[in-house]
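Survey of secondary and tertiary structure
Letter by letter, the chains look like this.
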Amino acid sequence: MGTPSLWLDRETMRRLGYRTIDALVERLSRPWDATPIVRTATPEELAARLGGPAPEEPVDGAVLLERLERDVLPFMARNEHPGYFAYIPGCGTWPGALGDLIASALNMDVGSWGLSAGPSAVELAVLDWFKEWIGYPRDAAGILTSGGSAANMTALACAREAVVGAMSDRLVVYCADQAHSSIARAARILGFRPDQVRVLPVDARSRLRTDALVAAMEADVRAGREPLFVAAAAGSTSTGAVDPLQELGEICRERGVWLHVDAAYGGFAAIAERGRAALAGMELADSVTLDPHKWLYQSFECGCILVRKGHQLREAFEIVPDYLKDAKGMVLREVNFADYGMQLSRTSHALKVWLSLQHFGLAAFRAAIDRCFDLIDGA
Ligand SMILES: Cc1ncc(COP(=O)(O)O)c(C=O)c1O
């Protein structure tokens, strides 16, 4: 027997690939009543099925697929099921899933233009769509992230760099008590202590109370602190409430405070008329979080941060080590995504968005969102 290799011949690659695709199509097209919508098991049961050391010898692909079908895949939510209403996950799209497969099979690393010009251009094209949909200017910049939590953290880091630079215990972050927990987590990770985060009350419609915000900012200024960042929600997690974005835009602009809109949940409603009306004012924000893996029907993981003055995002994150100087696109238009966020090596989250939008067309996504509004109206 020769030295084991990690490379497969064409026929084996094809056989494994076709078998996997067939198994997935079977699974996704099961009758709705074939298996429970959610099935779980205890950690002990699953450890008994899956634990143990890594095998020293190869395991046949068909055997592995059978194990997955028996020991792993039954124990997860069928979030493609029409009866699945828990939390926020959607079902993703098949062209999107193929996009993830392509990104992974070719091991795309979309950190630098020099190594990944094509996939970088796809990401730029997707970001241009998003900018247009939310009413952002063309010179806004952004990056696709693992999700809304990463996007919110990127926004807070960018705001701190753009407004003040170094961290200070005088800086204050404001959000409603309905804000997603990722805002508080971002603040904690970035070194804001709990007393630097003001959690404010909401009105009868669960929206951030602007009078409470103004009063808190004024009290902070009087006490020698520096209001830095307001995190508004455009679709709060529990109720879908949209904070008063226009008014917040004015309050923040007057005081030189960064307005971030966490539109992870609600932002893509902007492609439908009723959504656009509900989200008016989002375009005034300094930064916006969007989660294609929520209301744009993409599979996990897929989030996005957009920053209105695009250069602020690059200035907040760009650090070029010597060993990467040659891989970097040197022309300004050649975007190196490693300069726009915390990751260097990163897959293409954009490819699945691009493929599924091209495959179905934007009208199909708009219709899906409109159907949700019809359901709300009829509820
Ligand atoms: C409004 C809002 N922001 C942020 C997040 C966090 O997003 P992710 O789970 O993609 O990290 C969520 C998740 O539900 C959310 O609803």
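In this text, all values refer to a predicted model and were calculated from it rather than measured experimentally.

A rise of 1.5 Å per residue sets the reference length of helix H8 (residues 210-222), with its 13 residues, at 18 Å; its end C-alpha atoms lie 18 Å apart and thus fit the reference within 8%. Residues Thr 210, Ala 212, Leu 213, Val 214, Ala 216, Met 217 and Asp 220 constitute the buried set of H8. Those residues of H8 that are buried are in contact with strand E2 (171-176), strand E3 (197-200), strand E4 (226-233) and helix H9 (245-255). Trailing H8 by a residue or two, Gly 224 shows a phi angle of about 85 degrees, which is positive.

Turning to the site of the ligand, a few remarks are in order. The full set close to the ligand counts 14 residues, and Gly 148, Ser 149, Asp 262, Asp 291 and His 293 are the nearest of them. Side-chain polar atom of Lys 294 to an oxygen atom of the ligand: 3.1 Å apart, as the coordinates give it. Here the ligand, which alone exposes 390 Å², has 83% of that area covered by the protein. The biggest single contributor to the shell around the ligand is helix H6 (residues 148-163), with three residues. Looking at the shell around the ligand residue by residue, the classes come out as two nonpolar, nine polar and three charged.

Our next topic: the pattern of salt bridges. Under the defined criterion, the tally for this structure stands at 24 salt bridges. The closest approach of N and O atoms between Asp 71 and Arg 67, which form a salt bridge, is 3.6 Å. Of this pair, Asp 71 and Arg 67 both sit in helix H3 (residues 61-72), separated by four residues, roughly a single helical turn. Judged by relative accessible area, which is 33%, Arg 67 ranks as partly exposed. Residue Arg 207 is joined to Asp 203 by a salt bridge in which the shortest nitrogen-to-oxygen separation is 3.1 Å.

Another point: the environment of Ser 29. Structurally, Ser 29 is set in the loop between helix H1 (10-28) and helix H2 (43-50). Here Ser 29 falls in the exposed class, since its relative accessible area comes to 51%. In this structure, the C-alpha to C-alpha distance between Ser 29 and Ala 62, residues 33 residues apart in sequence, is 20 Å. In terms of polar contacts, Ser 29 uses its side chain to reach the backbone carbonyl oxygen of Val 25, at 2.6 Å.

This part takes up the environment of Leu 115. With respect to the helices and strands, Leu 115 occurs in the loop between helix H4 (94-105) and helix H5 (117-134). Residues Leu 115 and Asp 211, spaced 96 residues apart in sequence, show a C-alpha to C-alpha distance of 50 Å.

With domains assigned, the protein is organised as domain 1 (10-77) and domain 2 (109-378). Its C-alpha centre places domain 1 at a distance of 36 Å from the equivalent point of domain 2.

For the structure shown, the criterion picks out eight aromatic pairs. Measuring from ring centre to ring centre gives 5.0 Å for Phe 130 and Phe 268, while their planes differ by 65 degrees; the resulting arrangement is edge-to-face. With Phe 130 in helix H5 and Phe 268 in the loop between strand E5 (258-263) and helix H10 (273-278), this pair connects stretches of sequence that are 138 residues apart. No difference in accessibility class separates Phe 130 from Phe 268, as the two residues are buried. Taking 6.3 Å as the distance between ring centres and 55 degrees as the angle between the ring planes, the aromatic pair formed by Tyr 297 and Phe 365 counts as tilted. One end of the pair, Tyr 297, is in the loop between strand E6 (287-290) and strand E7 (303-307); the other, Phe 365, is in helix H13 (residues 362-378), with 68 residues separating them in the sequence. A network of ring pairs unites the aromatic residues Trp 129, Phe 130, Trp 133 and Phe 268 as a single cluster.

Conventions and cut-offs
Residues numbered from 1 in each chain as written. Predicted model: local features only at pLDDT ≥ 70, side-chain atom pairs only at ≥ 80, totals over all residues. Heavy atoms only, no water. Helix = DSSP H or I, 4+ residues; strand = E, 2+ residues; numbered from the N terminus. Expected span 1.5 Å × (residues − 1). Buried < 20%, exposed > 50% of the residue type's maximum accessible area, 1.4 Å probe, protein only. Contact = heavy atoms within 4.5 Å. Near = heavy atom within 4 Å. Polar contact = N/O pair within 3.5 Å; in protein donor to acceptor, adjacent residues only side chain to side chain. Areas by Shrake-Rupley, 256 points an atom, 1.4 Å probe, with all protein chains shown as cover. Nonpolar A, V, L, I, M, F, W, Y, C, P; charged D, E, K, R; others polar. Salt bridge = Lys/Arg side-chain N within 4 Å of Asp/Glu carboxyl O. Domains from an automatic or database assignment. Phe/Tyr/Trp six-rings, centres within 6.5 Å; stacked < 30°, edge-to-face > 60°.

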